[in-house]
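Observations on the three-dimensional arrangement
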Amino acid sequence: MGRGATQKESSARAGLWLCLGAGFITLLDQSVFVLAVPAMTAGLGADPAQVQWILASYSLAFGVALVPAGRLGDVLGRRALFIAGIMVFGAFSLVGGLASDPALVIVARLLQGLGAGTLNPQVLGLLQDLFSGTRRAKALGYYAAAGGFAAVCGPLAGGLILSAAGDSAGWRVLFLMNVPLVVLLVPLAFRFLPARPGRDHSARSASVDGVGALLLGAVVVAFLVPTVYGTPDSTPAWLAGGAAVLLCFAGWELLYHRRGRTPLLSAGLARSTGYVLGTVVALCQFGVGAAMSAVTAFYFLSGSGLPPLAAAGILAPQAAGMLLASGSSWRFVARFGRAGIVFALAASLGTLIAKDVAVQHLDHSAGALAVAAIGLLQGVATGLVVAPNQALTLGHAPAGTAGVAAGFYQLSQRFSAALCSAAVAGLFLHAGSGFAGVTRSVAADGGYRAAFHHGILLCSALTAAAIAAGSLDWIRTAVVRRRNRNGVGGAGAGWTRGGPGAGELPLDGRLLNLSRFLNVRRQPRAGKPRRRAVPGTRRRHALHGSSPAA
């Protein structure tokens, strides 16, 4: 290996560690922050609405930035967007850590999310630019492992810091700990990340649908406001406004597409039944994850009065179970296909009910142990859903829309997290006079148990919706498989329902080898139904020099 090749290999390896480090701190920030909310509320004197905005703002801004930032990275170069994103994230971590006003913390969380949403598409793009073949697959696997590790470490790190630094200073340390990491990563990014590769010169004419992202963000805000400020009089107006903005978004996307540009949600994706149903599963599943983290943390911190480290110990098993199950999720889905995802979602629904029973009928100590143990099982069920559902769903993206499909898929998850975390925060904040003013008598009277119960009801409703969407896709896949087996379809042979014009993919090749998971066979040509060979026939005819069709 020449000197130039060695230097290139060293730079690629350094770039990998930089990408993993940057992705890790942005994902860690999200998993660690939920534990700090009660202490922050007490320290800042925030009202319930401000607490809900603090919780929702990070995911909201993260989602708005994802797709436009990915497009800008294609046009301007990924290193520039990587550095800009991480600098914004670090600068407003500093602002949040020094803030003395809840409104300033909300602004800091919004801009932190904007920076993180700008950074993460560049991380994925750089990993694909720096590596190829099996090395690229390994690099992306390392990134997924870093995300899982952040989910496990986040609650434990947050609990340790809050316990060591105390409530008044602990939440500030959680903000400020990002700053030295960013100061370290920025000069290394200038040194090791490629300036030119990752810049797609053919993408100069590519469009950045900023208006579409803002409209979709406005839809989420319109549905978020009733969650925060909603009254019986104002809620219908906000919901109607959200529906109107949603129609504007749909109209804009159609117009944008007709101009020859690339929208956030293409018409082909909207027509792809498999993609739409899979995205609904992901949206609901991600919302449940965000809501359950908040429900568990708020109940045991404010309702049971446990210290932060103990609350972190209750959250950690669920993240650990998810990380462990993810490694074997492919074997699971290879055996059961989309049906396996439905079974795992049903198991997750069962764990939600079990958690509610434990909290309602056990004392605080026994309830904490039960919720931690059940959380491990819920994490395993979740780990069997997340990655397989993403692969199955993105496999239904029509040709030429893979990037758009992945961007909208992630965007929907972030918006769901924003809505669900704000909703469950409202349940707990209205169980008493906010986190700061809660007395032990409120918990004794069952206010927090009732809030936990309503949080579980929300999560159960979302999980049931995910089961319904997954079941519809399971039935649809079974129908397609039966049609293929029976030779139905005529000129559309080889395609799922409706042919390529319906926004579906061929049943072979482009589905990321999903035929291996779904047992889908390529449909035979019209008029020539496939004949099922008798076991041993092929070998017997080969020995006698004839063919099975003879």
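Calculation notes
Residues numbered from 1 in each chain as written. Predicted model: local features only at pLDDT ≥ 70, side-chain atom pairs only at ≥ 80, totals over all residues. Heavy atoms only, no water. Helix = DSSP H or I, 4+ residues; strand = E, 2+ residues; numbered from the N terminus. Buried < 20%, exposed > 50% of the residue type's maximum accessible area, 1.4 Å probe, protein only. Contact = heavy atoms within 4.5 Å. Areas by Shrake-Rupley, 256 points an atom, 1.4 Å probe, with all protein chains shown as cover. Salt bridge = Lys/Arg side-chain N within 4 Å of Asp/Glu carboxyl O. Phe/Tyr/Trp six-rings, centres within 6.5 Å; stacked < 30°, edge-to-face > 60°. Axes fitted to C-alpha atoms, helices over the stretch in contact; angles between N-to-C directions. Parallel < 35°, antiparallel > 145°, perpendicular 65-115°, else oblique. Nonpolar A, V, L, I, M, F, W, Y, C, P; charged D, E, K, R; others polar. Expected span 1.5 Å × (residues − 1). Bend = angle between axes of the 7 residues up to and from the residue. Core = buried A, V, L, I, M, F, W, Y, C linked by side-chain atoms within 4.5 Å. Arc of directions from axis to C-beta. pLDDT = per-residue confidence, 0-100. Left-handed = near helix turned anticlockwise from the far one by under 90°. Polar contact = N/O pair within 3.5 Å; in protein donor to acceptor, adjacent residues only side chain to side chain.

**A word on the overall build of the chain**
If you tally the helices and strands in the chain, you get 21 helices and zero strands. Among the 550 residues that make up the chain, the fraction classed as buried is 49%. Nonlocal contacts in the chain, meaning residues at least 24 apart in sequence, comprise 82% of its contacts between residues at least 6 apart. By element, 65% of the accessible surface of the chain is carried by carbon and sulfur atoms, the whole surface being about 23700 Å².

**Quick notes on the side chain of Asp 29**
Here Asp 29 lies in helix α1 (residues 3-33). Relative accessible area serves as the criterion here: at 2%, Asp 29 is assigned to the buried category. Once residues within four sequence positions are removed from consideration, Asp 29 is found in contact with Tyr 58, Phe 89, Arg 109, Gln 112 and Asn 178.

**Some points on the pattern of salt bridges**
Summed over the entire model, instances satisfying the criterion amount to four salt bridges. The shortest N-O distance in the salt bridge between Asp 29 and Arg 109 comes to 2.6 Å. Taken together, the positions of Asp 29 in helix α1 and Arg 109 in helix α5 (residues 102-130) put the pair 80 residues apart, joining distant regions of the chain. Here Asp 129 and Arg 78 are joined by a salt bridge, their closest N and O atoms 2.8 Å apart. Note that Asp 129 is positioned in helix α5 and Arg 78 in helix α4 (residues 78-98), a separation of 51 residues in sequence. Judged by its relative accessible area of 12%, Arg 78 falls in the buried class. Overlapping salt bridges, with partners in common, bring together Arg 338, Asp 473 and Arg 476 in one network.

**Some thoughts on the packing of aromatic side chains**
Scanning the model with the defined rule gives 12 aromatic pairs in all. Look at Trp 171 and Phe 175: their rings are 6.2 Å apart centre to centre, the planes differ by 80 degrees, and that puts the pair in the edge-to-face class. Placement of the pair is Trp 171 and Phe 175 together in helix α7 (residues 167-176), with a separation of four residues, close to one helical turn. Judged by relative accessible area, Phe 175 falls into the buried class, the value being 1%.

**Focus: the packing of α4 against α7**
To describe two helices that pack against each other, one gives the angle between their axes and the distance between the axes. At their nearest, the axes of α4 and α7 sit 7 Å apart, and the two run at 170 degrees to each other. Taken together, the axis directions place α4 and α7 in an arrangement best described as roughly antiparallel. Packed against α4, whose contacting residues are Ser 93, Leu 94, Gly 96, Gly 97 and Leu 98, the element α7 presents Trp 171, Arg 172, Phe 175 and Leu 176 at the interface. Here the contact of α4 with α7 is built from residues that sort into five nonpolar, three polar and one charged.

**So, the environment of Leu 315**
Note on placement: Leu 315 falls in helix α13 (residues 308-326). The exposure class assigned to Leu 315 is buried, which follows from its relative accessible area of 12%. Remark: the alpha-carbon pair of Leu 315 and Ala 372, spanning 57 residues in sequence, is separated by 6.7 Å. When sequence neighbours within four positions are dropped, the list of residues in contact with Leu 315 reads Leu 35, Pro 155, Ser 293, Thr 296 and Ala 297.

**Quick word on helix α14 (residues 329-361)**
Its 33 residues place the ends of α14 only 33 Å apart at the C-alpha level, less than the 48 Å of an ideal helix rising 1.5 Å per residue. Helix geometry: α14 is bent most strongly at Phe 336, by close to 115 degrees.

**A closer look at the nonpolar core**
Membership of the largest hydrophobic core comes to 91 residues, with the highest contact counts inside it found for Leu 35, Met 40, Phe 298 and Phe 428. In terms of residues, this core owes the most to one element, helix α12 (residues 273-303), which gives 15 residues. Apart from residues lying up to four places away in sequence, Leu 35 is in contact with Pro 155, Gly 158, Gly 159, Leu 162, Ala 297, Leu 301, Pro 308, Ala 311, Ala 312 and Leu 315. By size, the runner-up hydrophobic cluster in this structure holds 32 residues, among which are Leu 16, Val 123, Ala 150 and Val 182.

**Remarks on the environment of Ser 272**
Structurally, Ser 272 can be placed in the loop between α11 (267-271) and α12. We classify Ser 272 as buried; its relative accessible area is 0%. Considering only alpha carbons, one finds Ser 272 and His 396, 124 residues apart in sequence, at a separation of 6.8 Å.

**Quick notes on α7**
Those residues of α7 lying buried are Gly 170, Trp 171, Leu 174 and Phe 175. One side of α7 holds all its buried residues, which, seen down the axis, span an arc of 140 degrees.

**Here's the deal with the environment of Leu 176**
Looking at the element boundaries, Leu 176 is found in helix α7. Separated by 78 residues in the primary sequence, Leu 176 and Leu 98 place their C-alpha atoms 8.3 Å from one another. What Leu 176 contacts, discounting residues up to four positions off in sequence, is Ser 93, Leu 94 and Gly 97.

**Re the confidence of the model for the chain**
A residue-level look at the chain finds 81% of positions with pLDDT of 70 or above and a mean pLDDT of 79. Segment residues 198-204 is flagged for pLDDT under 50; beyond a separation of four residues in sequence, or across chains, it makes 15 contacts in the model. Taken together, the stretch residues 489-528 has pLDDT below 50 and engages in 88 contacts with residues farther than four places along the chain or on a different chain.

**Regarding the packing of α12 against α13**
Relative orientation of the contacting elements α12 and α13 amounts to 145 degrees, with a least axis distance of 9 Å. As α12 runs across α13, the sense of the crossing is right-handed. Along the contact surface, α12 presents Ser 293, Thr 296, Ala 297, Phe 300 and Leu 301, while α13 presents Pro 308, Ala 311, Ile 314 and Leu 315. Among the residues forming the contact of α12 with α13, the class breakdown is seven nonpolar, two polar and no charged.

**Overview of the side chain of Asn 389**
Checked against the element boundaries, Asn 389 lands in helix α16 (residues 386-394). Only 3.2 Å separates the side chain of Asn 389 from the backbone oxygen of Gly 278, close enough to count as a polar contact. Among all residues touching Asn 389, those that are not within four sequence positions of it are Gly 278, Val 281, Ala 282, Arg 338, Ile 341 and Tyr 409.

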